Amino acid sequence: MKWKKLGLIIEPQKKLDWMRTHAMLPIADHMKGSLFRVYLCGRDEQNRSHVGFAVIDMDRDGKVLEYSKKAILSPGELGCFDDNGVSPSWILNYGNKKFLYYIGWKPRSTTRMGLIAGLAGSEDGGLNFKRISRAPILRLTDKEPFMMLTAPCVLKEGSRWRMWYVSGYKWEHADLPC
């Protein structure tokens with residue numbers, strides 16, 4: 001494989017409520033031929049992250065063909081682990097479904113934020129996603145007691161499912177987890 005640097009491909013779209021600012025954390029999903037749906041998060045006017053997508057054509061140097069008109073996943077219910085924003089982490093195609101692993105954002109009172117993993121599923125090829133649960137998919141433990149179990153990457157290898165994720169073991173100060 002030979003990489004070709006293309007530069008900036010996806011930019012915030014002020015006319016879209018879900019990505020007035022930011023175009024972060026892209027996750028590419030091959031559609032067919034040279035077409036890819038790139039899931040990413042943008043921020044609304046309240047600075048909350050939403051997940052949407054851009055369809056790009058790699059035969060045309062990553063030209064954006066379309067953006068989702070609305071977010072495909074938005075912040076969760078008030079009080080839930082993802083009520084302040086959602087960001088994509090991984091897309092997994094399994095059977096005729098797509099599973100979007102995501103990062104839920106929640107402001108905290110003594111530390112800057114809590115980040116924890118959630119899961120949403122799509123049965124329409126990735127145009128719309130629905131949360132599998134309002135609760136996070138990873139649980140706190142004595143060895144991982146902080147709300148930093150996040151950014152999962154999930155692979156299915158034969159009959160085994162494997163997950164890698166980010167976790168913190170302490171806070172240096174209110175703004176900096178380790």
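Everything here concerns the structure above.
The model shown is predicted, which means the values in this text are computed figures rather than measured ones.

J.: Whenever I open this one, unusual backbone geometry confuses me. Can you help?
T.: Leaving glycine out, the prevailing phi sign among residues is negative, and the prevailing peptide bond configuration is trans. Phi is positive for His22, which is not a glycine, with a value near 70 degrees. Tracing the backbone shows His22 in strand 1 (residues 21-32). Accessibility expressed as a relative area gives 31% for His22, which makes it partly exposed. Despite not being glycine, Leu25 has its phi angle at roughly 50 degrees, a positive value. By secondary structure assignment, the location of Leu25 is in strand 1. Taking relative accessible area as the criterion, Leu25 reaches 38% and is therefore assigned partly exposed.

J.: Sorry if this is basic, but what is going on with the nonpolar core here?
T.: Among soluble globular proteins, nonpolar side chains are generally buried collectively. If you look at the biggest cluster of nonpolar residues, it comprises 18 residues, and the most contacted ones within it are Tyr39, Val51, Leu73 and Phe129. The set of elements that each furnish at least two residues to this core consists of strand 3 (49-57), strand 5 (85-94), strand 6 (97-107) and strand 7 (113-122). In this view, Val51 contacts Trp18, Tyr39, Leu40, Cys41, Ala71, Ile72, Leu73, Val86, Ser87, Pro88 and Leu100; residues no more than four positions away in its chain are not counted.

J.: Whenever I open this one, a nonpolar patch on the surface confuses me. Can you help?
T.: Together, Ile137, Met163 and Tyr165 line one region of the surface with nonpolar side chains, adding up to about 220 Å² of accessible area. As for its position among the elements, Met163 is in strand 10 (residues 160-166). Judged by relative accessible area, Met163 falls into the partly exposed class, the value being 31%.

The rules behind these values
- Residues numbered from 1 in each chain as written.
- Predicted model: local features only at pLDDT ≥ 70, side-chain atom pairs only at ≥ 80, totals over all residues.
- Heavy atoms only, no water.
- Helix = DSSP H or I, 4+ residues; strand = E, 2+ residues; numbered from the N terminus.
- Buried < 20%, exposed > 50% of the residue type's maximum accessible area, 1.4 Å probe, protein only.
- Core = buried A, V, L, I, M, F, W, Y, C linked by side-chain atoms within 4.5 Å.
- Contact = heavy atoms within 4.5 Å.
- Patch = residues over 30% accessible without salt bridge, like charges linked within 9 Å, V, L, I, M, F, W, Y side chains within 5 Å.
- Areas by Shrake-Rupley, 256 points an atom, 1.4 Å probe, with all protein chains shown as cover.
- Salt bridge = Lys/Arg side-chain N within 4 Å of Asp/Glu carboxyl O.

Nothing here speaks to function; it is all geometry.
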